[in-house]
Amino acid sequence: GRSNTDCLLADLHPEQHIDRRCTMPSRVVVGYWSTRALVQPIRVMLAHMAIPFEDCRYQVGDAPKFDKSAWAEAIPVLEASGMHFPNLPYLIDLDGTQLTQTHTIMRYLAASRPEHGLMGQDLKQTTQADMLSEVVHDIMGPFCRMTYSSWALDFKQKGGHFLNAQLPPLLTRLESSMNACAGTWCTGTTLTYADFLVHEALYQISNFSTEALSNFHGLKAFMANFEALPNVAKYVGAAEYLHTPFHNRYSNFAVWKDGKPLLDEPTGPMSFVKRVYWPPLSEEEAAATKSLDALLAQ
């Protein structure tokens, strides 16, 4: 089979290479908006597994239009290269495998690299991890609907309802489940792909409201243990790690700090794609990137 680079450069004209997504044949490619939202668990999981990746971040244009043309132009390119359901996030593996949907991508990464043990040690753990990944969906679904669909005074009302009525019983059940497993991680003593999803959900919610986890000491201990994983800590401490925006810039939860919104820095009226590499490019990879840039500029 062809490499993920060959699939584009052999088939597409340079001017069609909108998303610039396949410059490194030795790197997995991840594509998403220039936010954390649904993709951050994938980025962190790749870093933990020490899988070099190219992070293609699609930046939405400034208000009021919030231009998304970079992604719109990328869709036919992805389809032409063999992606059946172009969507964000997407993943292109080294063998050319192309996938979309967050949980599908994470299960695939765990199953295709069994040496990391992230699918669990047995059927019980695997099933528990699968269930928890869907529990995260139950938590983040109402959270995202609240941050994206409510504005002004309505946002304050809906935010309060989520934090005071919807969230506590969900977190109570999550903590109870983790306690029953009697281990450091969500399924017990073995780290699985579900831990990456759970951590990101808790991280986003705790940044939205600094008090959201105040009564959940077990969940806070889980977060501390997760953030102490060596490869995770190294990635989080690097410039390539995306701290914010949490959600896209037309939501109510884009750039926050200490539980408060910050002004969104302008990036320009038109959308664009930014490529970020983890770990940083080697000298050989950087030289190859420059050569490809020159080719595509012709």
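Going by the structure above, here's the rest.
Student: Requested: an account of the sheet that holds strand β4 (residues 98-100), with residues and values cited.
Tutor: If you trace the five strands from one edge of the open sheet to the other, you get β4-β3-β1-β2-β7, paired in mixed fashion. Each edge of the open sheet is held by one strand with a lone partner, namely β4 and β7 (272-278). Between one strand and the next, the sheet's axes are offset by a mean angle of 20°, whatever the strand orientation. Pairing of strand β3 (residues 90-92) with β4 involves three bridges; the strand directions are antiparallel. For tyrosine 90, the partnering residue across the bridge sits in β4 and is threonine 100. Against the sheet, helix α3 (residues 69-80) makes contact with β1 (28-33), β2 (53-59), β3, β4 and β7, and its axis sits at roughly 135° relative to β2, the strand it touches most.

Student: Describe the pattern of salt bridges, with residues and values.
Tutor: Using the criterion set out here, one finds 10 salt bridges in the structure. One salt bridge in this structure joins glutamate 200 and arginine 36, with 2.8 Å as the shortest N-O distance. In this pair, glutamate 200 sits in helix α7 (residues 193-208) while arginine 36 sits in the loop between β1 and α2 (40-48), placing the two residues 164 residues apart along the sequence. Take arginine 36: its relative accessible area is 0%, and that puts it in the buried class. Aspartate 130 is paired through a salt bridge with arginine 107; the nearest N and O atoms lie 3.3 Å apart. You can see aspartate 130 sitting in helix α5 (residues 123-149) and its partner arginine 107 sitting in helix α4 (residues 102-112), a full 23 residues away along the chain. Note on aspartate 130: relative accessible area 25%, which makes it partly exposed. Taking relative accessible area as the criterion, arginine 107 reaches 23% and is therefore assigned partly exposed.

About the thresholds
Residues numbered from 1 in each chain as written. Predicted model: local features only at pLDDT ≥ 70, side-chain atom pairs only at ≥ 80, totals over all residues. Heavy atoms only, no water. Pairing = 2+ DSSP bridges. Helix = DSSP H or I, 4+ residues; strand = E, 2+ residues; numbered from the N terminus. Axes fitted to C-alpha atoms, helices over the stretch in contact; angles between N-to-C directions. Contact = heavy atoms within 4.5 Å. Salt bridge = Lys/Arg side-chain N within 4 Å of Asp/Glu carboxyl O. Buried < 20%, exposed > 50% of the residue type's maximum accessible area, 1.4 Å probe, protein only.

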